[in-house]
Amino acid sequence: MRVGAIIIGDEIIRGKREDKHFAKLISILGSRGMRLDWCEYLGDMPELITATLERTFASGDLVFSFGGIGATPDDHTRECAADALSLELVLHPDAEVAIRSRTDMEITPQRLKMGEFPRGSRIIPNPYNRIPGFSLEDHHFVPGFPVMAWPMIEWVLDHRYAHLYHLTPEAEASIIVYDLPESTITPLMFEVESSFRGLKSFSLPSIGEQGVRRHIELGVRGAPDQVVPAIERMRKGVVTLGGKWVEKLSS
């Protein structure tokens with residue numbers, strides 16, 4: 001099952017706020033032996049959000065959606081999720097109980113709208129302020145506030161997807177290559193991938209900014225038992241091509 005993220009909000013698209021969800025989700029998944037396969041950023045445009053959700057629901061992917069589930073005019077995610085699956089929005093009874101449990105605010109019809117989810121949804125508990133998110137199929141919708149969203153994502157993973165933890169062990173190794181252009185090492189990358197089918201190769205060129213010598217980080221990631229022989233093949237290949245390499249220092 002692929003894992004994706006949808007991060008919604010004009011404030012992010014317009015640069016008024018810096019997104020923090022992308023890096024944190026990678027970390028949350030990584031600690032559980034999972035990884036993120038894709039991520040999309042969307043503004044507060046109902047047609048675009050609905051079209052995106054129609055596509056991602058059809059994909060069968062596990063998707064985490066951040067933002068847009070409040071009750072202000074720029075919050076469209078709940079309605080768009082319902083439209084994507086041709087469902088109606090209804091006040092979820094468990095969400096209503098959670099919202100009414102708040103004794104620090106008046107419970108108005110507008111506030112109860114935050115508990116209106118597509119019919120058939122399951123709630124995601126919000127430990128911060130008890131205003132829940134919701135799950136629909138393998139899509140999980142949480143607020144845009146990190147203090148709320150991140151514990152909710154962890155709750156979803158631990159309660160619904162623990163069976164996916166550490167299913168595909170992955171290792172990575174890389175070297176720093178000097179004196180070779182990327183075009184020269186590309187055939188070596190293809191050669192290594194063809195010899196080690198459980199791996200992907202990667203190259204990260206640096207143009208030598210801020211006094212750092214121009215170089216390429218060249219590496220492989222994938223099946224742990226193949227990483228050691230594959231990176232050794234790359235070391236030898238770099239030398240054969242006339243380049244120099246050093247081990248990449250751990251960051």
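What counts, and where the lines are drawn
Residues numbered from 1 in each chain as written. Predicted model: local features only at pLDDT ≥ 70, side-chain atom pairs only at ≥ 80, totals over all residues. Heavy atoms only, no water. Patch = residues over 30% accessible without salt bridge, like charges linked within 9 Å, V, L, I, M, F, W, Y side chains within 5 Å. Areas by Shrake-Rupley, 256 points an atom, 1.4 Å probe, with all protein chains shown as cover. Salt bridge = Lys/Arg side-chain N within 4 Å of Asp/Glu carboxyl O. Helix = DSSP H or I, 4+ residues; strand = E, 2+ residues; numbered from the N terminus. Buried < 20%, exposed > 50% of the residue type's maximum accessible area, 1.4 Å probe, protein only. Arc of directions from axis to C-beta. Pairing = 2+ DSSP bridges. Axes fitted to C-alpha atoms, helices over the stretch in contact; angles between N-to-C directions. Contact = heavy atoms within 4.5 Å. Phe/Tyr/Trp six-rings, centres within 6.5 Å; stacked < 30°, edge-to-face > 60°. Lys NZ or Arg CZ within 6 Å of the ring centre and 35° of its normal. Parallel < 35°, antiparallel > 145°, perpendicular 65-115°, else oblique. Left-handed = near helix turned anticlockwise from the far one by under 90°. Nonpolar A, V, L, I, M, F, W, Y, C, P; charged D, E, K, R; others polar.

**Examining a nonpolar patch on the surface**
Line of reasoning, step 1. Judged by side-chain polarity, Ile13, Phe22, Ile26 and Tyr41 come together as a nonpolar surface patch covering roughly 350 Å² of accessible area.
Line of reasoning, step 2. Structurally, the position occupied by Ile26 is in helix 2 (residues 21-30).
Line of reasoning, step 3. Residue class for Ile26 comes out partly exposed when judged on its relative accessible area of 39%.

**Some points on helix 5 (residues 93-100)**
Line of reasoning, step 1. Buried within helix 5 we find Ala95, Ala98 and Ile99. One face of helix 5 carries all of its buried residues, which in axial projection span an arc of 95°. Summarising the geometry of helix 5, the exposed residues directed more than 90 degrees from the buried face are Pro93 and Val97.

**Some remarks on the sheet that holds strand 9 (residues 171-178)**
Backbone hydrogen bonds hold the strands of a sheet together, and the pairing may be parallel or antiparallel.
Line of reasoning, step 1. The strand order across the open sheet formed by four strands is 10-11-9-12, and the pairing between neighbours is antiparallel. This sheet does not close on itself; its edge strands, each paired only once, are strand 10 (199-206) and strand 12 (244-247). Averaged over all pairs of adjacent strands, the angle between their axes in this sheet comes to 25°, without regard to strand direction.
Line of reasoning, step 2. Relative to strand 11 (residues 215-222), strand 9 is paired through seven bridges, and the arrangement is antiparallel. For Ile175, the partnering residue across the bridge sits in strand 11 and is Leu218.
Line of reasoning, step 3. Sheet contacts for helix 8 (residues 182-195): strand 10 and strand 11; angle to strand 10, the most-contacted strand, approximately 165°.

**Points about the sheet that holds strand 7 (residues 133-136)**
Line of reasoning, step 1. Here we have six strands laid out as an open sheet, ordered 2-1-3-8-7-6, and mixed in their pairing. The strands lining the two open edges of the sheet, one partner per strand, are strand 2 (38-42) and strand 6 (122-124). Neighbour-to-neighbour, the strand axes of this sheet turn through a mean angle of 20°, independent of strand direction.
Line of reasoning, step 2. Direction of pairing for strand 7 relative to strand 8 (residues 139-142): antiparallel, over a ladder of three bridges. Paired with Ser135 across the bridge in strand 8 is His140.
Line of reasoning, step 3. Along the sheet face, helix 3 (residues 46-59) touches strand 1 (3-8), strand 2, strand 3 (62-66), strand 7 and strand 8 and points at about 160° away from the line of strand 2.
Line of reasoning, step 4. Each of strand 1, strand 3, strand 7 and strand 8 touches helix 4 (residues 77-84); the most contacted strand, strand 7, lies at about 10° to it.

**A look at the packing of aromatic side chains**
Line of reasoning, step 1. A full pass over the atoms with the stated rule returns two aromatic pairs.
Line of reasoning, step 2. When the ring of Phe117 is compared with that of Phe134, the centres are 4.7 Å apart and the planes differ by 25°; the resulting orientation is stacked. Of the two residues, Phe117 sits in strand 5 (residues 116-118) while Phe134 sits in strand 7, which places them 17 residues apart along the sequence. Like Phe134, Phe117 is buried.
Line of reasoning, step 3. Ring geometry for Phe134 and Phe141: centres 4.5 Å apart, planes at 10°, overall stacked. Just as Phe134 is buried, Phe141 falls in that class too.
Line of reasoning, step 4. Following the ring pairs from residue to residue traces out a cluster consisting of Phe117, Phe134 and Phe141.
Line of reasoning, step 5. One residue, Arg213, lies across the ring of Tyr178, its end atom 4.2 Å from the ring centre.

**A word on the packing of helix 3 against helix 4**
Line of reasoning, step 1. Their axes nearest at 8 Å, the elements helix 3 and helix 4 cross at an angle of 50°. Between helix 3 and helix 4, the angle falls in the class oblique. Between helix 3 and helix 4 lies a crossing of right-handed hand. Facing Pro46, Ile49, Thr50, Leu53, Glu54 and Phe57 of helix 3, the residues of helix 4 in contact are Cys80, Ala81, Asp83 and Ala84.
Line of reasoning, step 2. Classifying every residue of the contact of helix 3 with helix 4 by side-chain character gives seven nonpolar, one polar and two charged.

**Considerations on the pattern of salt bridges**
Line of reasoning, step 1. A complete count under the given rule lists 14 salt bridges for this structure.
Line of reasoning, step 2. The salt bridge partner of Glu154 is Arg32, with a shortest N-O separation of 3.7 Å. Linking Glu154 in helix 7 (residues 146-160) with Arg32 in the loop between helix 2 and strand 2, this pair joins segments that are 122 residues apart in sequence.
Line of reasoning, step 3. Take Arg32: its relative accessible area is 11%, and that puts it in the buried class.
Line of reasoning, step 4. Overlapping salt bridges bring together Arg32, Glu154 and Asp158 as one network.

Without other data, these values stay purely geometric and don't point to any function.
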